[in-house]
Amino acid sequence: MLIQSIIMAWESVRSNKLRSFLTMLGIIIGVMALVVMVSLVNGATGVVTSEISNLGNDLLNVSVRDDKGSPLRLQDLNELASDETIRYAAPTGSMYTTAKHGYSDINASVTGATAAYFVIEGMELEAGRLIKTVDVENAAYVAVLSHDAAESLFSGEEAIGKTITLGGRSFRVIGTLKEDDSLMSAMFSSNSIYIPYTVESRMAGQPYISSFAVAAAGDTGAAEQAVADYLLNRFAQDDDSFQIINMSSISSAMDTVTGMLSLLLGGIAAISLLVGGIGIMNIMLVSVTERTKEIGIRKAIGAGRGTILMQFLIEALMLALFGCVFGLLLSALILMIVSMIAGSITFTMSPDVVILAVVFSSAIGLIFGLYPANQAAKKHPIEALRYEG
Amino acid sequence: MAEKKPIIIMNDVSKIYHVGGEEVRALDHASLTVYEGEFVAIIGPSGSGKSTLMNIMGCLDTADSGSYILDGQEIDDYSEQELAKVRNRKIGFVFQNFNLLSRLTAEGNVELPLIYQRLGHGERKRRVQAALERVGLTARAEHKPTELSGGQQQRVAVARALATNPSILLADEPTGNLDSKTGDDIMALFHKLHESGATIVLITHNEELAKQAQRVIRIMDGHVTEVR
Ligand SMILES: Nc1ncnc2c1ncn2[C@@H]1O[C@H](COP(=O)(O)OP(=O)(O)OP(=O)(O)O)[C@@H](O)[C@H]1O
Ligand SMILES: [Mg+2]
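Residues numbered from 1 in each chain as written. Chains lettered and ligands numbered in written order. Predicted model: local features only at pLDDT ≥ 70, side-chain atom pairs only at ≥ 80, totals over all residues. Heavy atoms only, no water.

A. Inspection of the overall build of chain A at higher detail. Secondary structure summary: chain A contains 14 helices and 11 strands in total. A compact globule built from 389 residues should have a C-alpha radius of gyration of about 21 Å, whereas chain A, at 34 Å, is more than 25% larger. Taking the principal axes of its C-alpha atoms as reference, chain A extends roughly 105 × 50 × 30 Å. Of all 389 residues assigned to chain A, the portion counted as buried reaches 45%. For chain A, the exposed area adds up to about 18700 Å²; of that, 60% sits on carbon and sulfur atoms. Counting 24 positive and 36 negative side-chain charges, chain A places the averaged centre of each group 15 Å from the other. (Helix = DSSP H or I, 4+ residues; strand = E, 2+ residues; numbered from the N terminus. Rg over C-alpha atoms; globule rule 2.2 N^0.38 Å. Buried < 20%, exposed > 50% of the residue type's maximum accessible area, 1.4 Å probe, protein only. Areas by Shrake-Rupley, 256 points an atom, 1.4 Å probe, with all protein chains shown as cover. Lys, Arg positive; Asp, Glu negative; His and termini not counted. Charge placed at Lys NZ, Arg CZ, Asp CG, Glu CD.)

Here is the structure:
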């Protein structure tokens with residue numbers, strides 16, 4: 001009987017193609033709105049969150065505002081790093097200066113680094129070597145160049161072993177870094193040069209540490225607590241004297257924002273699906289009235305209430321599901337085109353969204369089909385037979 | 001000859017319509033019996049209550065009072081669902097205006113009551129084939145109603161009524177929309193079916209047609225006035 005009802009519903013949907021299509025249009029647009037918007041948000045946030053986690057989810061950035069006459073030195077950081085919740089700590093102070101090699105010169109940010117710095121920031125070596133603890137201890141005039149800086153200064157030539165000039169002093173290039181392909185570095189040029197912390201602080205006239213980064217050994221929260229305790233102790237229990245930025249709290253804030261964004265857009269899409277459902281109900285009501293005679297005939301030859309109800313309900317469900325399938329196909333097309341235009345980001349339809357669209361469309365078809373189907377089912381056979389439309 | 005089995009027993013059946021405060025007694029204590037294998041005509045002028053009678057006989061409607069026994073079953077307080085089932089199994093309708101579904105082919109129309117009986121595919125096809133054969137329309141099985149003449153459409157309707165092997169065939173002015181030649185063909189078909197054992201109730205206001213039946217029941221203002 002179910003199969004027969006499906007066949008009957010299909011025949012009716014098929015026999016009036018234009019009307020069926022117009023009925024589906026609301027659902028098609030609703031599904032498209034839902035799937036495309038959610039997929040776009042997902043794609044974009046996927047990129048942004050991977051950027052943020054590239055910055056380091058277990059990373060704390062600390063800046064000191066007021067050292068209360070007891071400033072931090074490198075050995076203080078080493079002491080801090082010996083805490084079991086903390087893996088590494090490294091100063092992150094930098095200055096801007098001109099870097100020269102031969103006739104080329106660039107404006108570069110020069111960071112005073114320790115060996116730990118490169119690990120914390122997740123920087124990878126392309127050639128040569130990184131700054132070692134001995135370089136820091138001996139205040140050696142050596143430099144590591146970012147990929148961009150090496151390109152700008154040496155334009156493709158071998159950089160390692162060459163000499164560059166920073167603030168009037170000569171540095172030997174000991175290493176170059178791999179290209180940073182994150183979105184951040186694509187937006188901001190990164191002519192970065194890293195020299196031993198001891199050399200940088202002397203050049204900048206900044207003997208104390210005013211900002212540093214900490215990599216947690218496990219739980220970032222515990223590490224944050226340890227750093228805060230240490231600094232409070234040092235700075236007369238004044239929690240305004242320093243600031244700790246927890247990168248994982250940024251990414252969780254980001255998650256909240258994107259979650260709300262998808263909810264909002266999903267809500268808008270849900271409303272347009274709802275409107276599509278009302279469209280189905282309208283057309284189904286018209287169709288039930290038009291087909292009063294048909295209902296009368298079916299009842300006369302033995303169709304019960306339930307049979308008629310089922311037939312019209314399945315018809316509504318079928319319209320909603322066909323609309324959903326059309327909507328999904330069009331969404332896939334739109335996402336393909338958007339991905340082509342966007343280039344670097346590929347937007348894909350996640351199975352979750354597809355399931356959501358199918359479930360939602362079916363529910364809409366059933367809910368908004370129920371009333372017209374019931375109107376059909378409760379018609380009196382004699383009155384229905386007498387109807388001339 | 002053995003005692004004839006009654007298919008329809010109506011006793012003091014009344015149906016009253018209320019139209020704007022007025023009472024219309026469409027059926028007023030009507031009593032009649034139809035036996036198995038009979039060909040009965042019910043005749044009366046327009047508005048006499050013929051269609052009302054047929055609706056009750058055909059279980060499309062229920063009486064306000066009186067009792068109705070169809071093929072041994074007391075119909076009086078059947079639910080809507082039970083009435084639908086009785087219509088499906090025991091009644092075959094033939095209407096004046098054919099009442100075929102225009103979207104379906106002749107075959108599809110004949111198959112419909114069998115689908116509602118939940119018969120399997122093979123059994124349905126077999127019965128549809130047999131019914132179309134009995135009305136002589138095998139060649140037009142794939143045609144839609146709009147591609148058939150009035151007479152052919154009525155044959156399809158008869159085939160649909162026959163397909164379920166009903167206890168009784170109820171025909172309300174089956175020739176009313178047909179020219180006299182085609183009408184005669186349909187009447188001939190009814191005679192043929194009657195000879196092969198079908199029980200037929202023909203409702204008409206046409207004396208000539210009524211004469212062709214075995215027995216005539218006359219109805220006037222909701223009363224059964226003459227049973228012959
Ligand atoms: N649904 C209804 N509401 C009110 N009155 C009705 C209804 N159906 C029938 N009647 C009345 O009941 C009476 C009998 O009607 P019925 O249709 O049974 O007549 P009929 O013998 O079939 O007439 P005809 O030969 O014209 O078809 C008529 O007076 C009619 O007006
Ligand atoms: Mg009538």
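B. Geometry of empty space enclosed by the protein. Tallied over the entire structure, the rule returns 1 cavity of 30 Å³ or more. Taken together, Ala 300 and Ile 301 of chain A together with Arg 87, Asn 88, Ile 91, Gly 92, Phe 93, Pro 113, Arg 160, Ala 161 and Thr 164 of chain B form the lining of the largest cavity. For the lining of the largest cavity, the elements supplying multiple residues, two or more each, are helix H2 (80-90), strand S6 (91-94) and helix H5 (150-162) of chain B. (1 Å grid on protein atoms, 1.4 Å probe; cavity = no way out; pocket = protein on both sides within 12 Å on 5 of 7 lines; lining within 4 Å. Points joined across faces, edges and corners; volume = space filled by probe spheres on them.)

C. Summary view of the site of ligand 1. Near ligand 1, the surroundings consist of 13 residues, among which Ser 46, Gly 47, Lys 50, Ser 51 and Thr 52 of chain B are the closest. Nearby residues place ligand 1 at the junction of chains A and B. In this structure, Gly 47 of chain B approaches ligand 1 through a main-chain N or O atom, which is 2.8 Å from an oxygen atom. Contact between ligand 1 and Ser 51 of chain B: an oxygen atom at 2.7 Å from a side-chain N or O atom of the residue. Considered on its own, ligand 1 offers 630 Å² of accessible surface; in the complex 65% of this is hidden by protein. Elements supplying a minimum of two residues to the shell around ligand 1: strand S1 (6-19), strand S2 (22-35) and helix H1 (50-57) of chain B. Considering each element in turn, the shell around ligand 1 owes the most residues, 3 residues, to H1 of chain B. Residues of the shell around ligand 1, tallied by class, amount to 5 nonpolar, 6 polar and 2 charged. (Near = heavy atom within 4 Å. Polar contact = N/O pair within 3.5 Å; in protein donor to acceptor, adjacent residues only side chain to side chain. Nonpolar A, V, L, I, M, F, W, Y, C, P; charged D, E, K, R; others polar.)

D. Seen up close, the sheet that holds S6 of chain B. All names here are of chain B. One open sheet holds the 6 strands; their spatial order is S6-S7-S8-S3-S9-S10, and the pairing between them is mixed. Each having just a single partner strand, S6 and strand S10 (223-227) make up the two edges of the open sheet. Averaged over all pairs of adjacent strands, the angle between strand axes in this sheet comes to 20°, irrespective of strand direction. Judged from the 4 bridges that link them, strand S7 (residues 168-172) and strand S8 (residues 200-204) form a sheet pairing that is parallel. Within S8, the position partnered with Asp 172 by the bridge is Ile 203. (Pairing = 2+ DSSP bridges. Axes fitted to C-alpha atoms, helices over the stretch in contact; angles between N-to-C directions.)

E. Highlighting the interface of chain B and chain A. The partner chain A presents 27 residues to the 23 residues of chain B that form the contact. In total, chain B and chain A occlude about 2200 Å² of area from one another, counting both sides; carbon and sulfur atoms represent 57% of this. A salt bridge links Arg 103 of chain B to Glu 294 of chain A, with the nearest nitrogen and oxygen atoms 2.9 Å apart. Scanning the region where chain B abuts chain A turns up 7 residue pairs in polar contact (both at pLDDT 80 or more). Elements with a contribution of two residues or more to the side of chain B that touches chain A: H2 and helix H3 (106-116) of chain B. (Contact = heavy atoms within 4.5 Å. Buried area = accessible area lost by both parts, 1.4 Å probe. Salt bridge = Lys/Arg side-chain N within 4 Å of Asp/Glu carboxyl O.)

F. Examining H3 of chain B more closely. H3 of chain B sits mainly inside the fold: 11 of its 11 residues count as buried. Buried residues of H3 of chain B: Ala 106, Glu 107, Gly 108, Asn 109, Val 110, Glu 111, Leu 112, Pro 113, Leu 114, Ile 115 and Tyr 116 of chain B, and no others. Of the surrounding elements, those touching the buried residues of H3 of chain B are helix H1 (2-15), helix H11 (292-300) and helix H12 (305-342) of chain A together with H2, helix H4 (121-134) and H5 of chain B. The positive-phi residue at the C-terminal boundary of H3 of chain B is Arg 118 of chain B, with phi of around 60°.

G. Here's a closer look at the sheet that holds strand S4 (residues 65-70) of chain B. All names here are of chain B. The antiparallel open sheet is built from 4 strands, whose spatial order is S2-S1-S4-S5. A strand with exactly one partner marks an edge of an open sheet, and here the two such strands are S2 and strand S5 (73-74). Direction of pairing for S4 relative to S5: antiparallel, over a ladder of 2 bridges. When the sheet's bridge partners are listed, Ile 69 is paired in S5 with Glu 74. Running at roughly 125° to S1, H1 makes contact with S1, S2 and S4 of the sheet.

H. Region of interest: the nonpolar core. Ranked by internal contacts, the top residues of the largest apolar core, which has 74 residues, are Ile 8, Met 10, Met 57, Tyr 68 and Leu 70 of chain B. Among the elements that line this core, the one with the most residues is H12 of chain A, at 10 residues. Among all residues touching Leu 70 of chain B, those that are not within four sequence positions of it are Ile 7, Ile 8, Cys 59, Ile 75, Val 86, Lys 90 and Ile 91 of chain B. Counting residues in each nonpolar core, the second largest holds 42 residues, with Ala 89, Ile 131, Val 136 and Phe 212 of chain A among its members. (Core = buried A, V, L, I, M, F, W, Y, C linked by side-chain atoms within 4.5 Å.)

I. Spatial organisation of the packing of helix H3 (residues 74-81) of chain A against helix H9 (residues 220-234) of chain A. Residues and elements named next belong to chain A. As a packed pair, H3 and H9 sit with axes 11 Å apart at the nearest point and diverge in direction by 135°. On the basis of their axis angle, the class for H3 and H9 is oblique. Considering only the axes of H3 and H9, their crossing is right-handed. Across the interface between the two elements, Asp 76, Glu 79 and Leu 80 of H3 pack against Val 227, Tyr 230 and Arg 234 of H9. A class-by-class count of the residues in the contact of H3 with H9 yields 3 nonpolar, no polar and 3 charged. (Parallel < 35°, antiparallel > 145°, perpendicular 65-115°, else oblique. Left-handed = near helix turned anticlockwise from the far one by under 90°.)

J. A look at the layout of surface pockets. Residue and element names in this part refer to chain A. Quantified by volume, the second largest pocket comes out at close to 630 Å³. Broken down by secondary-structure element, the contributors of at least two residues to the lining of the second largest pocket are H1, helix H2 (17-54), helix H10 (247-290), H11 and H12. With 4 residues, H10 is the largest single contributor of residues to the lining of the second largest pocket. Here the lining of the second largest pocket is composed, by residue class, of 10 nonpolar, 12 polar and 8 charged.

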